[in-house]
Amino acid sequence: MPRWLPRAMVLALALIAAFQLGSWAFHQLTGLLINVLIAFFLALAIEPAVSWMAGRGLRRGFATFLVFLAVLIAAAGFVTLLGSMLAGQIVKMVEEFPNYLDSVINWINGHFHTELRRVDIQEGLLRSDWLRNYVQNSATGVLDVSAQVLGGLFQLLTVVLFSFYFAADGPRLRRGLCSVLPPARQAEVLRAWEIAVDKTGGYLYSRGLMALISGVAHYILLEILEVPYAPALAVWVGLVSQFIPTIGTYLAGALPMLIAFTVNPWYALWVLIFVVIYQQFENYMLQPKLTSKTVDIHPAVAFGSVIAGTALLGAVGALIAIPAVATLQAFLGAYVKRYDVTDDPRVHGRRVRRVGPARSARLRQLWARRPEQERPGAEGSRENGDGGPS
């Protein structure tokens, strides 16, 4: 046995054990790593505001606290308005449910000549096994829901704390990262960091501005139609339509359509028409003007990045996919050498038309201009003429 073989076997086993341990630790810490990634992008998003306030003389920690306080107040106000709206609508639907049920029963009896009664339907539902099983499953699932709520609150607290530290100690974090790199690498890291701050902050602020415009437009429509809870619905449409790309407008418009349907079914149709028209206006006129200088990526690339981010990280990936791709595109753009584009019509989407007879005439002219000795058969005929018997 060679002397190196036992050492190689021990080294291979050690590497396999280290790989297995690292894989196990990575899977155990996946949730924490995702929370840290969310916190990092959130810190990048508020970095311009924190730096602006710090440049005016405020301490960086206090400036970060003020930004988080403003975000917390806005989120609490939104949740309060939306919660009151949903609670009011649920109470109204419960109160009006007997009237809705009577109208449905009358329509069925009138069209199908049946003799249904609301009392019989209610007794059948109360005595059904489906309702009994549903109540039992709901009672046993209360603890699971409570555990999920507590876990969500803990994750939210983790994200807030990490993002606060990333934003408040941003310069110290950059200095610590650059201290272990050579000067050339330090410049690249700082450049990438600056691009990430610009793209993430620009994405957030441009989306916030478009959310404000969308909310105001939908608020005006809902007020004209006298739909209840118009302010809360407008805020809902503005936020969901902008921070869920491509299909967010249609998802956000479902709730106002439902509330408008309870007022008048035709109002729901008007809301749907307005949502479709506003989506086209936003895609072709508003969004290109607002995001051309902040997040300059193609809509197809943005949609593909959202799908890829959702497949990798779920809802978190959908939120951070666009700023991440914009940052990567801007960073790699400095290393891609570009050339002037030719004036070929095919570059601009126009094809060159080729005429058959003109092309044939051109080939005949070129053939006629060739020297006689270069034509096929000329050399052979000349040899036969010179070398034959006299």
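If you're wondering where the values come from, they're calculated on a predicted model, not measured in any experiment.

J.: Account for the packing of helix α9 (residues 230-243) against helix α10 (residues 248-263), with residues named and values stated.
T.: Interhelical geometry of α9 versus α10 gives an angle of 165° and a closest axis separation of 7 Å. Classified by the interaxial angle, the pair formed by α9 and α10 is roughly antiparallel. Remark: the crossing between α9 and α10 carries right-handed chirality. Contacts between α9 and α10 pair Leu233, Trp236, Val237, Val240 and Ser241 from the former with Gly248, Thr249, Ala252, Leu255, Pro256 and Ile259 from the latter. The residue inventory of the contact of α9 with α10, partitioned by class, reads eight nonpolar, three polar and no charged.

J.: Describe unusual backbone geometry, naming the residues involved and giving the relevant values.
T.: One non-glycine residue with positive phi stands out, namely Glu226, at about 60°. With respect to the element layout, Glu226 can be found in the loop between α8 (183-224) and α9. A relative accessible area of 67% means that Glu226 is categorised as exposed.

J.: Any chance you could break down a nonpolar patch on the surface for me, citing the residues and the numbers?
T.: Taken together, the side chains of Tyr250, Trp266, Leu269, Trp270, Leu272, Ile273, Val276 and Ile277 present a nonpolar region at the surface, about 800 Å² in accessible area. Top contributing element to the nonpolar patch by residue count: helix α11 (residues 265-291), with seven residues. Among the secondary structure elements, Val276 is positioned in helix α11. By relative accessible area, Val276 is classed as partly exposed at 35%.

J.: Pulling in residues and values, what's your account of the packing of aromatic side chains?
T.: Here the distance between the centres and the angle between the planes together describe a pair of aromatic rings. Considering all chains together, one arrives at eight aromatic pairs under this definition. Taking the centre distance of 6.1 Å and the plane angle of 80° together, the rings of Phe40 and Phe41 count as edge-to-face. Judged by its relative accessible area of 14%, Phe41 is buried. Between Phe274 and Tyr278, the ring centres sit 6.3 Å apart and the planes meet at 20°, which makes this aromatic pair stacked. Taken together, the positions of Phe274 and Tyr278, both in helix α11 and four residues apart, correspond to about one turn of that helix. Through a chain of ring-to-ring contacts, three or more aromatic side chains come together here, namely Phe40, Phe41, Phe162 and Phe166.

Procedures and definitions
Residues numbered from 1 in each chain as written. Predicted model: local features only at pLDDT ≥ 70, side-chain atom pairs only at ≥ 80, totals over all residues. Heavy atoms only, no water. Axes fitted to C-alpha atoms, helices over the stretch in contact; angles between N-to-C directions. Helix = DSSP H or I, 4+ residues; strand = E, 2+ residues; numbered from the N terminus. Parallel < 35°, antiparallel > 145°, perpendicular 65-115°, else oblique. Left-handed = near helix turned anticlockwise from the far one by under 90°. Contact = heavy atoms within 4.5 Å. Nonpolar A, V, L, I, M, F, W, Y, C, P; charged D, E, K, R; others polar. Buried < 20%, exposed > 50% of the residue type's maximum accessible area, 1.4 Å probe, protein only. Patch = residues over 30% accessible without salt bridge, like charges linked within 9 Å, V, L, I, M, F, W, Y side chains within 5 Å. Areas by Shrake-Rupley, 256 points an atom, 1.4 Å probe, with all protein chains shown as cover. Salt bridge = Lys/Arg side-chain N within 4 Å of Asp/Glu carboxyl O. Phe/Tyr/Trp six-rings, centres within 6.5 Å; stacked < 30°, edge-to-face > 60°.

Remember that the coordinates give geometry; whether it matters functionally is a separate question.
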